[in-house]
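For reference, the chains in residue letters:
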Amino acid sequence: MELKGKNVIYSGGFGGIGQACIKEILNSGAKHMTIFDLVENKEAMIGFKKSYPGATIDFIPFDMRKKETITAAFKTAKAKMGHFDVLVNSCGIMMDSEVDLTIQINLMGLIHSNLAALPYMDKSSGGRGGVIVNISSVACLEPPPLYPIYSASKDGVKAFTRSMADQVYYDRFGVNFITICPGITDTPMSEGFYTRVFFKFVEEKAQALAKAKQQPVDVLAKNIIKVMETGKNGGVYMLNLGNIEEITFPKFWEATF
Ligand SMILES: NC(=O)c1ccc[n+]([C@@H]2O[C@H](COP(=O)([O-])OP(=O)(O)OC[C@H]3O[C@@H](n4cnc5c(N)ncnc54)[C@H](O)[C@@H]3O)[C@@H](O)[C@H]2O)c1
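All of these numbers come straight from a predicted model, not from anything done at the bench.

Caption draft 1: Up close: the overall build of the chain. Broken down by element type, the chain carries 8 helices and 8 strands. Computed over C-alpha atoms, the radius of gyration of the chain comes to 18 Å, within 12% of the 18 Å expected from 2.2 N^0.38 for 257 residues, which places it in the range of a compact globule. Projecting the C-alpha coordinates of the chain onto the three principal axes gives extents of approximately 55 × 55 × 35 Å. Within the span of the chain, comprising 257 residues, buried residues form 49% of the whole. For the chain, long-range pairs separated by at least 24 residues make up 72% of all intrachain contacts whose partners lie at least 6 apart in sequence. Per element, the accessible surface of the chain, about 12500 Å² overall, is 55% carbon and sulfur.

Next up, the structure:
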């Protein structure tokens, strides 16, 4: 979907990937940007508003652990923006030491965010359709053994997003669903993540993984925007070390009716 003139909600917008993507989305000519996050990053907001005076930029606080705050954030966003065309779900943590929290934020919160946005986008009830981009990880494609909880949460994101891309939903809602799987990227999340393993005995191995080559966040952000603009409904895209690769899946099973 072309981003020029569009109204966009970016959840987790003050994270490393979030801030870089928001700049690119605004560079592409988005008209209205609403950022959802736990707390406002006032410095980043001032920077966005100064750099993009032609766009309207708002912040709405919410907490991915609390469904009612997610629902309320979309209600407020709809009231402020009139409508929105694009939602990017980028909130996430890599903290296997906190099992419930990881699933709560990375998977449950993301599902609630998708479900809360849909009624406003739903073409069959007066919405305009659009695109929902869910940020997963390469960990959903090839689970790194050191982070089983994070991998499970991100695999869930991919499964949910692919399922929501089914034709039966598209015909009703007119919303495209895209999964993005970044490789390791230079952001606050990738700092010291080896300390946040569940099994302490793998910490040394995890420390070695932390030295793996990382892609710069601005390179990833440019590629995320390319996928947002050209990706297809149900597409799963690996964005690793500056490359974009569409992932195809063999059909292991099909329902017979
Ligand atoms: N950085 C990487 O190497 C990498 C690789 C693959 C996938 N990802 C995924 O990309 C997304 C963004 O990662 P990032 O590197 O920008 O991380 P980040 O830590 O810089 O940003 C995460 C964002 O999520 C928000 N957040 C966390 N808990 C929240 C909560 N309870 N409620 C609301 N917001 C909350 C934070 O405030 C922050 O803005 C995540 O989903 C992450 O899993 C990152």
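What follows picks up the thread again.
Caption draft 2: Molecular detail of the side chain of arginine 196. Note that arginine 196 resides in the loop between β6 (175–182) and α7 (203–209). Of the buried charged residues, arginine 196 lacks a salt bridge, with glutamate 191 as the closest side chain of opposite charge at 7.6 Å. Engagement of the side chain of arginine 196 in a polar contact is seen with the backbone oxygen of methionine 94, the distance being 2.8 Å. Here methionine 189 takes part through its backbone oxygen, which lies 2.7 Å from a polar atom of the side chain of arginine 196. Among residues more than four places away in sequence, those in contact with arginine 196 are Met94, Met95, Asp96, Ser97, Tyr147, Met189 and Glu191.

Caption draft 3: Structural view of the sheet that holds strand β7 (residues 236–240). Reading across the sheet, the 8 strands line up as β3-β2-β1-β4-β5-β6-β7-β8 and stay open at both edges, with mixed pairing between neighbours. Single-partner strands in this sheet number two, and they are β3 (56–61) and β8 (243–247). Across this sheet, the average inter-strand angle for adjacent strands is 20 degrees, counted without regard to direction. Its contacts with the sheet put helix α3 (residues 67–81) on β1 (7–11), β2 (32–37), β3 and β4 (86–89), and the angle it makes with β2 is roughly 165 degrees.

Rules behind the numbers
Residues numbered from 1 in each chain as written. Predicted model: local features only at pLDDT ≥ 70, side-chain atom pairs only at ≥ 80, totals over all residues. Heavy atoms only, no water. Helix = DSSP H or I, 4+ residues; strand = E, 2+ residues; numbered from the N terminus. Rg over C-alpha atoms; globule rule 2.2 N^0.38 Å. Buried < 20%, exposed > 50% of the residue type's maximum accessible area, 1.4 Å probe, protein only. Contact = heavy atoms within 4.5 Å. Areas by Shrake-Rupley, 256 points an atom, 1.4 Å probe, with all protein chains shown as cover. Lys, Arg positive; Asp, Glu negative; His and termini not counted. Salt bridge = Lys/Arg side-chain N within 4 Å of Asp/Glu carboxyl O. Polar contact = N/O pair within 3.5 Å; in protein donor to acceptor, adjacent residues only side chain to side chain. Pairing = 2+ DSSP bridges. Axes fitted to C-alpha atoms, helices over the stretch in contact; angles between N-to-C directions.

Worth remembering: the numbers are spatial, not functional.
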